[in-house]
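Commentary on secondary and tertiary structure
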Amino acid sequence: MNLLFSFILLTLVVALICFYPLLRQFKGKDEQNRDELNKALYFSRLQEIEQDNAQGLVENVGVLKQELQKNLLDDVPQQEEKSQQEEKAYGKVWFACGLLTIGIIAGTSYFMVGAWQAESMLTQTYEKLPYFYDRIKEENTHPLSDEEMQQFSTALRIDLQKNPTDAKKWWLLGQIGMNLGNARLAFDSYQKANQLDPENVQYKLGYARVLMFSEDATDKLKGGDLLREVIRQDHSNIEALSLLAFRYFETEDYKMAAVTWAMMLRLMPKDDERIPLIEKSIRAARDALETQQQEKSKRITPDKN
């Protein structure tokens, strides 16, 4: 209803902007032409009276001139009133026709490709939100398709417009953004969840994860700080330790990378499938550390030659 009202109001505004100046312009031109014609008739008649007076054909020239002036003044209001009535009637008809034309064109365009279709689709998607909540409970056995993920994302964003302080829903939207490969959606959603509930380890970890994958060095630093906060709150958080170890390795702090991965090994079950990969990462960090120390030693030790 609000959208329809806005559409009607916009049409009226457009009509006024388009047609009103033209009406004013026509009116001004007609009044100018009429005044010029009256002045021409007046001076023409005045010249005839002066010529007749010069030939001695008329008497009381002053009286004739006064009558001419009086007739001119009497004619102007009558002509103006008549012209104004005609212009007013013509203007109303012309304006109504123009407004109707714009209304038909705009209405046709609106109902063919207008936002009402999108609004209807958004409403239908939002009404499916309870269905999506039930579906994610089956995510392990019956994953959502990309189309369902997109619809879930849309429905959740509509819901968050109405309830913008629900941190859990923001975090869930961030999860959906990650699954869809939408980095911006994930970043904004995790950030909002962390702002609303900064002590929640899960929200903080989600935000730190997207910061660590950012190309901005400032984001990476902030992500590293958040990971350390998570580890201080939960020393056994495997995911936080893994991300922090990769961060250390990326910044060539190989010693801390190896130590962090070693901490992960002590916390993981012996049958964990990730153990071989972590052991390989520890060896890579130690090898890199050894190479780094050798290069550093060469720079410090002067050449005997």
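What you see is a predicted model, and the numbers here were worked out from it, not measured in a lab.

**Notes on helix α11 (residues 254–267)**
Look at α11: 20 Å from first C-alpha to last across 14 residues, which is about the 20 Å you get at 1.5 Å a residue. Every buried residue of α11 is listed here: Y254, A257, A258, T260, W261, A262 and M264. Check the buried side of α11 and you find it contacts α10 (238–250) and α12 (275–300).

**Points about the UniProt feature "repeat: TPR" (unreviewed entry) in the protein**
Per the UniProt record, "repeat: TPR" (unreviewed entry) is found at residues 167–200. Segment residues 167–200 splits into 82% helix and 0% strand. End C-alpha atoms: 10 Å apart.

**So, the side chain of R135**
Mapped onto the elements, R135 comes out in helix α4 (residues 129–135). Residue class for R135 comes out buried when judged on its relative accessible area of 6%. A distance of 3.3 Å separates a polar side-chain atom of R135 from the backbone oxygen of P143. The contact partners of R135, leaving out residues within four places of it in the chain, are H142, P143, L144 and E148.

**Topic: unusual backbone geometry**
One non-glycine residue, E252, adopts positive backbone phi at about 65 degrees. Note that E252 resides in the loop between α10 and α11.

**Remarks on helix α9 (residues 217–233)**
Relative to the 24 Å expected for 17 residues at 1.5 Å per residue, α9 spans 25 Å between its end C-alpha atoms, a close match to the ideal helical length. Restricting attention to buried positions, one finds in α9 the residues D219, K220, G223, G224, L226, L227, V230 and I231. Angular distribution of buried residues about the axis of α9 spans 165 degrees; they occupy a single face of the element. Turned more than 90 degrees away from the buried face of α9 sit A217, T218, L221 and R232, all of them exposed. Those residues of α9 that are buried lie in contact with α8 (201–212) and α10. Measuring from the backbone nitrogen of T218 back to the side-chain oxygen at the start of α9 gives 2.8 Å, which picks out D216 as the cap.

**Side note on the pattern of salt bridges**
Across all of its chains, the model carries 12 salt bridges by this definition. Among the ionic pairs, K169 bridges to D166, the shortest N-O distance being 3.9 Å. Of the charged contacts, one joins E250 and K220 as a salt bridge, the two residues approaching to 3.5 Å between their closest N and O atoms. Of the two residues, E250 sits in helix α10 while K220 sits in helix α9, which places them 30 residues apart along the sequence.

**Notes on the packing of aromatic side chains**
Per the counting criterion, the structure on display carries eight aromatic pairs. Both rings, one in F132 and one in F152, keep their centres 5.3 Å apart while their planes meet at 20 degrees; by these two values the pair is stacked. Here F152 lies in helix α5 (residues 146–162) and F132 lies in helix α4, a separation of 20 residues in the sequence. Both residues of the pair, F132 and F152, belong to the buried class. Seen from their ring centres, F187 and Y207 are 5.8 Å apart, and the 65 degrees between their planes marks the pair as edge-to-face. Of this pair, F187 sits in helix α7 (residues 183–196) while Y207 sits in helix α8; the two residues are 20 residues apart in sequence, bridging distant segments of the chain. Grouping residues by exposure puts F187 and Y207 together as buried. Here the aromatic residues Y131, F132, Y133 and F152 are joined through ring pairs into a cluster of three or more.

About the thresholds
- Residues numbered from 1 in each chain as written.
- Predicted model: local features only at pLDDT ≥ 70, side-chain atom pairs only at ≥ 80, totals over all residues.
- Heavy atoms only, no water.
- Helix = DSSP H or I, 4+ residues; strand = E, 2+ residues; numbered from the N terminus.
- Expected span 1.5 Å × (residues − 1).
- Buried < 20%, exposed > 50% of the residue type's maximum accessible area, 1.4 Å probe, protein only.
- Contact = heavy atoms within 4.5 Å.
- UniProt positions renumbered as here; feature names shortened; annotations may be inferred.
- Polar contact = N/O pair within 3.5 Å; in protein donor to acceptor, adjacent residues only side chain to side chain.
- Arc of directions from axis to C-beta.
- Salt bridge = Lys/Arg side-chain N within 4 Å of Asp/Glu carboxyl O.
- Phe/Tyr/Trp six-rings, centres within 6.5 Å; stacked < 30°, edge-to-face > 60°.

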